[in-house]
Structures are given as structure tokens and as C-alpha cells.
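The lines below spell out each chain.
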Amino acid sequence: VGINGACQTATIIGDDWFEVYAMLETVNRTNFKAFQTGTQVNLELPLALSDPLGGHLVAGHVDITGQIKSIEPGSQSTIVKVAFTSEYSKYLIEKGSVAIDGISLTVFDIQSGLFSVSLIPETLSETNLKFRKIGEQVNLEFDQIGKYVENFINAKRGGLTIDDLNKHGYMR
């Protein structure tokens, strides 16, 4: 089960509850360490490969936590700005995807160490984002495809640099 976007195995299941064992790595990389009794979380069952996707591929492997910097409600949508470790900026593109607490969202503005998403009313009503406040930590999972492409390029070429691109006709 996905808990705030972190893949967990239910080890004991009751009528209206379940128990998981969260490894130290999971606790260190996620907002689990801030959980208290009554904390609202997103829960999502895994999909079968034949099931339709309602967003991008989200594996439940949280990269880092980010911090909500602002929440700007509007009539059509709510804009949320999230601060994060800028070394992960390479995995974000405008109109690309990011998972916040396991919720597949589209990035629309990227600055150094800060990105924005726009939440439609349906997303707010059906997720724990409606309870979030400025300063709270959220789990971030960056797009898997970008990470695989980066890994492939680096393994294949020993690293790809701007000089390499320029030699092959890339121009800024």
C-alpha cells in the first residue's frame, strides 16, 4: 500500500486497520518521522500492470522530502510551492510530473530549489493536501523515466557534458 507515496507492505491486516514495518531508510527519507496519532495520510492500493493509469508512473520510492513554502487558493485552482534540495532540479521540467505524497501532479514553474503545482478542486477534496499547511514536509518522488535516462546516458558514455552536446550540434 502507498502511504503518502511510500510503498509499504501490510504485515498485519484488521477489519479497519493494517500494520506496516517501515525500515529506517524509509523513515529517514520520508515525512513518516512527523506522523502522530490522527495524521491524515494518502492511502493507495497498488495497480496491476493492466490497470489504467490516472497520472504518471509512481513507484512509491520517495526520493526526498520537500517543504511547503506557500499555498495560494484561487477560484479555479490552488497553487502550492514546494522547496526542495536543488540537486534534484535536473529531474523536473515544466509540464513534467512529480509525485507529492504519492499524488501525481504537473509541475508548472521551476526556480532554484522551488517548484509549483496547481491543484484542481478534485485533487484537494480527495487527498490529504487539503490538510497541509505552510512549513510542513511532503514526500517527493521525481519522475522515474528521467532518472533512468540519466543513468543510461552516464553508464553508456561515461557521463554526458555540455561540451559533448556542443560537439554534436546542440546549441543553447
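Up top you'll find the structure we're talking about.
Now for a look at the structure at hand. (Residues numbered from 1 in each chain as written. Predicted model: local features only at pLDDT ≥ 70, side-chain atom pairs only at ≥ 80, totals over all residues. Heavy atoms only, no water.)

### Digging into unusual backbone geometry
One non-glycine residue with positive phi stands out, namely Asn4, at about 50 degrees. The residue Asn4 is located in the loop between β1 (2–3) and β2 (6–7) in this model. Since its relative accessible area comes to 0%, Asn4 is described here as buried. (Helix = DSSP H or I, 4+ residues; strand = E, 2+ residues; numbered from the N terminus. Buried < 20%, exposed > 50% of the residue type's maximum accessible area, 1.4 Å probe, protein only.)

### Describing the nonpolar core
In terms of nonpolar packing, the biggest core is built from 21 residues, with Phe84, Val98, Ile100, Phe115, Val117, Leu140 and Phe142 touching the most fellow members. The set of elements that each furnish at least two residues to this core consists of β6 (64–73), β7 (78–83), β8 (97–100), β9 (103–111), β10 (114–119) and β11 (137–142). Not counting the four nearest positions on each side in its chain, Val117 is found in contact with Thr78, Ile79, Val80, Val98, Ile100, Leu105, Thr106, Val107 and Phe108. Val1, Ile3, Phe32 and Val62 belong to the second-largest nonpolar core, a separate cluster that totals five residues. (Core = buried A, V, L, I, M, F, W, Y, C linked by side-chain atoms within 4.5 Å. Contact = heavy atoms within 4.5 Å.)

### Some details on the packing of aromatic side chains
The way to describe two aromatic rings as a pair is by their centre distance and the angle between their planes. For the coordinates displayed, the defined rule picks out six aromatic pairs. On the basis of an interplanar angle of 50 degrees and a centroid distance of 5.9 Å, the ring pair of Phe84 and Phe142 is categorised as tilted. Remark: Phe142 occurs in strand β11 and Phe84 occurs in the loop between β7 and β8; sequence separation between them is 58 residues. You'll find Phe84 and Phe142 in the same group, each marked buried. The structure contains a cluster of three or more aromatic residues connected by ring pairs, namely Phe84, Tyr88, Tyr91, Phe115 and Phe142. (Phe/Tyr/Trp six-rings, centres within 6.5 Å; stacked < 30°, edge-to-face > 60°.)

### Describing the side chain of Asn42
Mapped onto the elements of the fold, Asn42 is located in the loop between α1 (24–29) and β5 (43–44). On the basis of relative accessible area, Asn42 is assigned to the buried category, the value being 12%. A polar contact of 2.6 Å, which involves the side chain of Asn42, links it to the side chain of Asn128. Beyond its immediate chain neighbours, meaning those up to four positions away, Asn42 contacts Gly2, Ile3, Asn4, Asp101, Ile103, Thr127 and Asn128. (Polar contact = N/O pair within 3.5 Å; in protein donor to acceptor, adjacent residues only side chain to side chain.)

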